[in-house]
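Survey of secondary and tertiary structure
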Amino acid sequence: MGWAVAVAVLLSASPTFVTRGDVTPEADLRREAQAAWTSLETQYAAQAGGLPTRAPATVTIQKGTSLTPEHNAQGRPGVVELRQNTPGVLDAKTRTALRHELAHQLLWWACPASSEDRLFHEAFALTVSGELPAWRDGPYQSLSRAAKEVASAPAVDTSRARRGLARILGEHTGFPAALTRRLRQCHDGARWAAPLTVEELADVAVLAPEAATVVVSRHSGEVLFSEGDVRRAVPYGSTLKPFLYAAGTALVSNSDAPPLLAPRQGVQEWACGAGLPPKVDARLALLRSCNGWFLDWESTGLAPKAFGVWGPVLSAVGLTGLPSDMTEAIGLRSAHGLSPWGMAQAYRLLAEARPDVLTLLTGNVDEGTLSGLSISKALKGVATKTGTVRDAASRPQFGWIAAVDADLVAVILRPGKMPRHFVDELPALLTRVRRQAGLEAARVQVLGLLPSATVEARCSGAGFSLDDGTPRAAPPDFSRLDALTAKGPAVCLGSPWRVRFPDGPDGGRDYAGVFTWSAPPPYRPPPGVPTTPSALKARRGSDFVFRTTRVQYTAGVVAAEDVTLKGEARVALARVAAHNERHADTRHPGRALCDTTHCQAFRGTVRIRPEETRALQLPALKWDAWLTFSQGGDTPWREARPRTEVEALLGTNLVSLRFESGRVRYLRTEGTPAAPYEDARSLPCDTLRAGLKLPSCPQRASFDGPQVLFEGQGRGHGEGLDVEAAKASPGLSSDALLERAFGAWGTRSPTR
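Keep in mind that this is a model prediction, so the values were computed, not measured.

With respect to helix H25 (residues 643–650)
All of the buried residues in H25 are Val646, Glu647, Leu649 and Leu650. Along the axis of H25, the buried positions cluster into a sector of 155 degrees, meaning they face one direction only. Facing away from the buried surface of H25 by more than 90 degrees, the exposed residues are Thr644 and Ala648.

Examining the state of the cysteines
This model, assessed by the stated rule, comprises five disulfides. Across the disulfide, Cys594 is cross-linked to Cys599 (sulfur-sulfur distance 2.4 Å). Between Cys594 and Cys599, the S-S dihedral sits near 110 degrees, and the bridge is therefore right-handed. Classification of Cys594 as buried rests on a relative accessible area of 3%. For Cys685, the disulfide goes to Cys697, at an S-S distance of 1.6 Å. Judged by the sign of its S-S torsion, about 105 degrees, the bond between Cys685 and Cys697 is right-handed. Residue Cys685 is located in helix H26 (residues 685–692), and its partner Cys697 is located in the loop between H26 and strand S26 (700–704); the two are separated by 12 residues in the primary sequence. Residue classification places Cys697 among the buried residues on the basis of a relative accessible area of 16%. The disulfide pattern of the protein is 1-2, 3-4, 5-6, 7-8, 9-10 when the bonded cysteines are numbered in sequence order.

A few points about the sheet that holds strand S14 (residues 479–480)
Reading across from one edge, S14-S11-S16-S17 is the order of the four strands in this open sheet, with antiparallel pairing throughout. Of all strands in the sheet, those with a lone pairing partner are S14 and strand S17 (509–511), marking the two edges. Pairing geometry for strand S11 (residues 456–459) and S14, over two bridges, is antiparallel. The residue bridging Glu456 from the neighbouring strand is Arg480, located in S14.

A closer look at the confidence of the model for the protein
If pLDDT is low for a region, its predicted coordinates should not be looked at in detail. Confidence along the protein averages 88 in pLDDT terms, with 93% of residues attaining 70 or more. Taken element by element, the predicted model of the protein shows its lowest mean pLDDT in helix H1 (residues 3–12) (37) and its highest in strand S19 (residues 544–549) (98). Every residue in residues 1–12 scores below 50 in pLDDT, and together they form seven contacts with partners more than four places removed in sequence or on other chains.

A short note on the sheet that holds strand S4 (residues 79–82)
Read from one edge of the open sheet, four strands run S1-S2-S4-S3, paired in mixed fashion. Looking at strand neighbours, the two that pair on one side only are strand S1 (17–19) and strand S3 (73–76), the edges of this open sheet. The average undirected angle you get between the axes of adjacent strands in this sheet is 20 degrees. Of the strand pairs in this sheet, strand S2 (residues 59–63) and S4 are connected by four bridges, and their pairing is parallel. When the bridges of S4 are listed, Gln62 appears paired with Glu81. Of the strands in this sheet, S1, S2 and S4 are in contact with helix H2 (residues 26–48), which crosses S1 at around 155 degrees. Of the strands in this sheet, S1, S2, S3 and S4 are in contact with helix H3 (residues 92–110), which crosses S4 at around 165 degrees.

So, the packing of aromatic side chains
Inspection of every chain in the model, using the stated rule, returns 17 aromatic pairs. The structure contains a cluster of three or more aromatic residues connected by ring pairs, namely Tyr511, Phe515, Phe546, Tyr553 and Phe602.

A short note on the packing of helix H11 (residues 241–248) against helix H13 (residues 291–299)
At their nearest, the axes of H11 and H13 sit 12 Å apart, and the two run at 40 degrees to each other. Viewed along their axes, H11 and H13 adopt a mutual orientation that is oblique. Every pair of crossing elements has a handedness; the one defined by H11 and H13 is left-handed. Across the interface between the two elements, Lys241, Leu244 and Gly248 of H11 pack against Asn291, Phe294 and Trp297 of H13.

Some thoughts on the environment of Lys63
Within the secondary structure, Lys63 is located in strand S2. Between the alpha carbons of Lys63 and Arg83 there is a distance of 6.0 Å; along the sequence they are 20 residues apart. In this view, Lys63 contacts Asp22, Val23, Glu81, Leu82 and Gln84; residues no more than four positions away in its chain are not counted.

Quick notes on the rules
Residues numbered from 1 in each chain as written. Predicted model: local features only at pLDDT ≥ 70, side-chain atom pairs only at ≥ 80, totals over all residues. Heavy atoms only, no water. Buried < 20%, exposed > 50% of the residue type's maximum accessible area, 1.4 Å probe, protein only. Helix = DSSP H or I, 4+ residues; strand = E, 2+ residues; numbered from the N terminus. Arc of directions from axis to C-beta. Disulfide = S-S within 2.5 Å. Pairing = 2+ DSSP bridges. pLDDT = per-residue confidence, 0-100. Contact = heavy atoms within 4.5 Å. Axes fitted to C-alpha atoms, helices over the stretch in contact; angles between N-to-C directions. Phe/Tyr/Trp six-rings, centres within 6.5 Å; stacked < 30°, edge-to-face > 60°. Parallel < 35°, antiparallel > 145°, perpendicular 65-115°, else oblique. Left-handed = near helix turned anticlockwise from the far one by under 90°.

Structure below.
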């Protein structure tokens, strides 16, 4: 049906409006009534699915002669009575009252089955008349208090009852679902079996979710455990108060800092535990979850609006709408929702940006909402925040717990329970997830061989750069990584970073974790040790430090070194890679490992294989040293290099070269032409191999005019774990392979 036709149908359904001359101007009044009716019909038809086929009756609009002081209008089927304080003036109050009463007239015509249901009638009239915002103005009213006010006046004909009804209607955004269901029931001709209830209007049954649990890694962001519908957005209760605290304490002057506020006796929202001090600060208000403190903070005009700088973060992870006031922000009014997954992502970023807030929340088990329980000691050091969403009778509809420790972010949602009644699940959950080995942090200097300005990154989820603890949204497309990390870590919520650079792989590489900028100190090579420009870059390290989980790092190293490995050989290499991550000081004192062959290759995060998981579940290796490995193998090779290139590494006037015990031993002619002599020197063979880009440490070398001919076999420096040999030993366990490679190493620390 076209728009013009639809309008014609609606207009044809309008009643005849009759005036008697006691409310003026009459023509304007009839036009106002016609316009209001058209608007009301449109809203009704959109929710009910249509309008009755019969025409509405005539509606008489006249002056009310028996209106009480708090009423501007009243009505009965076919009659609307108005108060007009100034003859000839249709002021805003009169127009609103007219729309309200016409809503009742429309229901008596379109939904006669609901005629005796006063709560339904008033709820519909308040919703469609445009007067809800005015009723919501004023002091905060809890949902349970609002329900009591409505129950105390079943006709909903007092100001207090209507204000309470407006509070209930404001519990959710959009047209109330309970009213939509009832309107469709009218249009379908179903029997009006029972009157509308406050619980139905508050949509308690629809809101009640199933139990849901999610755990994500603080480091990589990956979901480590998920149970239930963790993507369903539901009201969040008090769980987002830490973001208000973070927004209100970020980079503010002392005059704007959250104030000390005196508790107000007898005010329900200040009932947050016994023994409150005369003045309550933001820290205690957060731990005790004192609603009254947050409401009074808003009244000072200094509180952040819509979560301040954290509003965009919460929106990016799925918050269904930003709060219009403090009652919505702290969950006293359930106007918006967030999923458990989204909450876990938000707390991951909060932990990265504001460790001080997380430290504060560790006090929750000592003096906050989870104190005094038998399980409290088991949660020592874990940052927690609770939230409870209640129904109109103040019963717990569902409870939230958000928890953060050194490696994990956990969110638990349970229907019908308060957090104190299911917090005992939290330690068991954290223990269960930690059975996945390698969840602790691993750090690696990355992309050090590239100019920093050429590296770009993009987050396909929600990317943020942290500027002194303040989150700034990252551009949606690729942007320079040095700019993203200039003032703090760069975090990608919901997906890995995608990193690209010139001459890199098409599409880039995945990095599931956190980037920071950390320029290394200048590197000075040891005196007398020849070092190529590439080797200088590798030994200097990188400006970018990447943090992920230890198992993700290990899998990335194995994939970069030999993607074809499997079985016990892969387990063995994974154990060496994980072991070396804990011995970074042997390569870069005071800093993380690098991602080049100076340390061990790492080209981003990959899908974890069962071998990497198993490797980190096995006991730590016994050697207190850096453990080398190489591709190895016995495939012969033969390559030539210009003599000038070799002498650039070892010095001029070379006489001979030989290789033994992992070192290159060579003679150089020194002295003067009249008194020459031969000087014997040696260097680690890997210095020559890396400088000349040879497949492995040579076995032989010979001079051929302007060239030096090298011969050898396999790949790599030839020390430690021989990966090809491990592949060729399918009957050996990883323990046996490692013992064969390193058994006699003791505590010496060989180079690579």
